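Working through the structure, step by step
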Amino acid sequence: LSRIAVLCGGTGSSKFAKALASQRRDNDELSFVANVGDNFWHYGLYICPDVDILIYALSDQLDRSKGWGVSSDSFVVKDRLALESAPDWFSLGDKDLTMSIRRAELIARGWTLASITELFCSLFGIKDQVIPATNDNVQTFVRTRLGSMHLQEFWVKYRASHLPTAVDYVGVDRAIPAEGLLETLKEKVIICPANPVTSIGPTIALGRVKKTMEKAKVVAVSPFIGSRPLSGPAYSLMMGLGIEPSSLGVAKMYSSFLTVLVVDGKEDQSIATKVKDLGIECVKTDTIVSDDESGKRIANELLGLL
Ligand code: FO1
């Protein structure tokens, strides 16, 4: 049996996760590790976007054009709540909302995030494991001139319009990795093309995660082509933190445990040379998942690299 952990964030990772699940070989055991840093409280409910995006992607319910939420969802509850003075900058659809209502109920009864996620996976017929990185509360805050704000406010409410100066994973020092997480990271790890600061950062900041991966074969897909990220606020966040917003910057962030960095075929040749100078193998290939076919191709290539 070959145990493979797949570190995921949100939108950018979901297509990869789906493609990897579809190409899993008989003796592969896949564990998708969901980022928890973008979890936040909204309408008094605990919203876990990256966990939910993974569940929707793996059970073919994801709104693929947006990359989050349930396909063909409606927004009756959100619009009604707005009339009742609730904030309406975060578009939680009606079907999407039910997951958070059910989760709130189970949390109140003492269930962990991991056990709730396991329940949803079994209800939606997901064969692979989905593990939230931790059951503890870790939330990503971005420091700006306006003060420190939750990542969802920084990104969704203010559309990354405030210059970030630092990022804090609030609660990470006290948090412990979810049960079984470190075990899954011991052999083979794939890191999806995700924002290294906000999607992968909170997971690898958990105690012993990096140390465990040092001994594993770790293949990461760069979320950048040149200085352009696939999606999301990676450019402004990395600039704000003084990290080069590029595949090379990603390689440096992961350098203590990374074996192979996969970069897009359109990436400049000099990047590959600089990545290799860090002692990291660099593979160039087409990394854009535009349809099922391209997803399958890259998934097979990644599984072949492990
Ligand atoms: N992203 C947006 O840009 N606007 C939204 O209104 C929005 C709503 C939303 C609802 C549920 C959910 O699971 C994700 C949602 N996202 C939305 C995406 C989310 O803010 C981030 O893209 C992920 O957290 C990034 O990992």
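Data block above holds the structure.
Rules used in this analysis
- Residues numbered from 1 in each chain as written.
- Predicted model: local features only at pLDDT ≥ 70, side-chain atom pairs only at ≥ 80, totals over all residues.
- Heavy atoms only, no water.
- Helix = DSSP H or I, 4+ residues; strand = E, 2+ residues; numbered from the N terminus.
- Rg over C-alpha atoms; globule rule 2.2 N^0.38 Å.
- Buried < 20%, exposed > 50% of the residue type's maximum accessible area, 1.4 Å probe, protein only.
- Contact = heavy atoms within 4.5 Å.
- Areas by Shrake-Rupley, 256 points an atom, 1.4 Å probe, with all protein chains shown as cover.
- Lys, Arg positive; Asp, Glu negative; His and termini not counted.
- Charge placed at Lys NZ, Arg CZ, Asp CG, Glu CD.
- Salt bridge = Lys/Arg side-chain N within 4 Å of Asp/Glu carboxyl O.
- Axes fitted to C-alpha atoms, helices over the stretch in contact; angles between N-to-C directions.
- Parallel < 35°, antiparallel > 145°, perpendicular 65-115°, else oblique.
- Nonpolar A, V, L, I, M, F, W, Y, C, P; charged D, E, K, R; others polar.
- Pairing = 2+ DSSP bridges.
- Right-handed = clockwise from strand over helix to strand, strands pointing away.
- Polar contact = N/O pair within 3.5 Å; in protein donor to acceptor, adjacent residues only side chain to side chain.
- Phe/Tyr/Trp six-rings, centres within 6.5 Å; stacked < 30°, edge-to-face > 60°.

1. A word on the overall build of the protein
Looking only at helices and strands, the protein features 13 helices and 14 strands. In terms of overall dimensions, the protein is globule-like: its C-alpha atoms have a radius of gyration of 18 Å, near the 19 Å expected for 306 residues. Taken along its principal axes, the extent of the C-alpha atoms in the protein is 55 × 50 × 40 Å. Within the protein, buried positions represent 53% of all 306 residues. Relative to all contacts within the protein whose residues are 6 or more apart in sequence, the contacts with residues 24 or more apart total 67%. Summing over all exposed atoms, the protein offers an accessible surface of approximately 13,500 Å²; the carbon and sulfur share of this is 51%. Taken together, the 34 basic and 36 acidic charged side chains of the protein have centroids lying 3 Å from each other.

2. Points about the pattern of salt bridges
Applying the stated criterion to the full structure yields 16 salt bridges. Each of Arg-102, Glu-105 and Arg-109 takes part in one network of salt bridges that share partners.

3. So, helix H1 (residues 11–23)
If you check which residues of H1 are buried, you get Ser-13, Ser-14, Phe-16, Ala-17, Ala-19, Leu-20, Ala-21 and Gln-23. On the buried face of H1, the contacting elements are strand E1 (2–8), strand E2 (28–34), helix H2 (49–58), strand E9 (188–191), strand E10 (217–221) and helix H13 (292–305).

4. Concerning the packing of H1 against H13
How two helices pack is summed up by the angle between their axes together with the distance between the axes. The N-to-C vectors of H1 and H13 enclose an angle of 70°; their axes lie 8 Å apart at closest approach. Classed by the angle they form, the pair H1 and H13 counts as roughly perpendicular. Every residue of H13 that contacts H1 at Phe-16, Ala-19, Leu-20, Ser-22 and Gln-23 is listed here: Gly-295, Lys-296, Ile-298, Ala-299, Asn-300, Leu-302 and Leu-303. Residue composition of the contact of H1 with H13, by class: 7 nonpolar, 4 polar and 1 charged.

5. Section: the pairing of strand E14 (residues 281–285)
Here strand E13 (residues 260–264) runs beside E14; their pairing, made up of 5 bridges, is parallel. Note on E14: the bridge partner recorded for Val-262 is Val-283. As for the winding sense of the linkage, the β-α-β connection from E13 through helix H12 (residues 269–277) to E14 is right-handed.

6. Considerations on the pairing of strand E7 (residues 147–150)
Where strand E6 (residues 139–144) and E7 come together, 4 bridges link them in antiparallel fashion. Counted as the bridge partner of Phe-141 is His-150 from E7. Connecting the antiparallel pair E6 and E7 is a turn made up of 2 residues.

7. With respect to the side chain of His-150
Checked against the element boundaries, His-150 lands in strand E7. At a separation of 2.9 Å, a polar atom in the side chain of His-150 contacts the main-chain amide nitrogen of Gln-152. Discounting residues that sit within four places of it in the chain, His-150 has contacts with Gly-37, Asp-38, Asn-39, Phe-40, Gln-139, Thr-140 and Phe-141.

8. Details of the environment of Ile-298
Along the polypeptide, Ile-298 turns up in helix H13. Distance in space between the C-alpha atoms of Ile-298 and Leu-20 is 8.6 Å, their sequence separation being 278 residues.

9. Structural notes on the packing of aromatic side chains
Taken as a whole, this structure holds 5 aromatic pairs when the rule is applied. For the ring pair Phe-40 and Phe-90, a centre distance of 4.8 Å and an interplane angle of 80° mean the geometry is edge-to-face. With a gap of 50 residues between them, Phe-40 in strand E3 (residues 40–42) and Phe-90 in the loop between helix H3 (76–83) and helix H4 (94–108) connect regions that are remote in the sequence. Each member of the pair Phe-40 and Phe-90 is classed as buried. Ring centres 5.6 Å apart and planes at 35° place the aromatic pair Tyr-254 and Phe-257 in the tilted group. Phe-257 carries the same exposure label as Tyr-254, and that label is buried.

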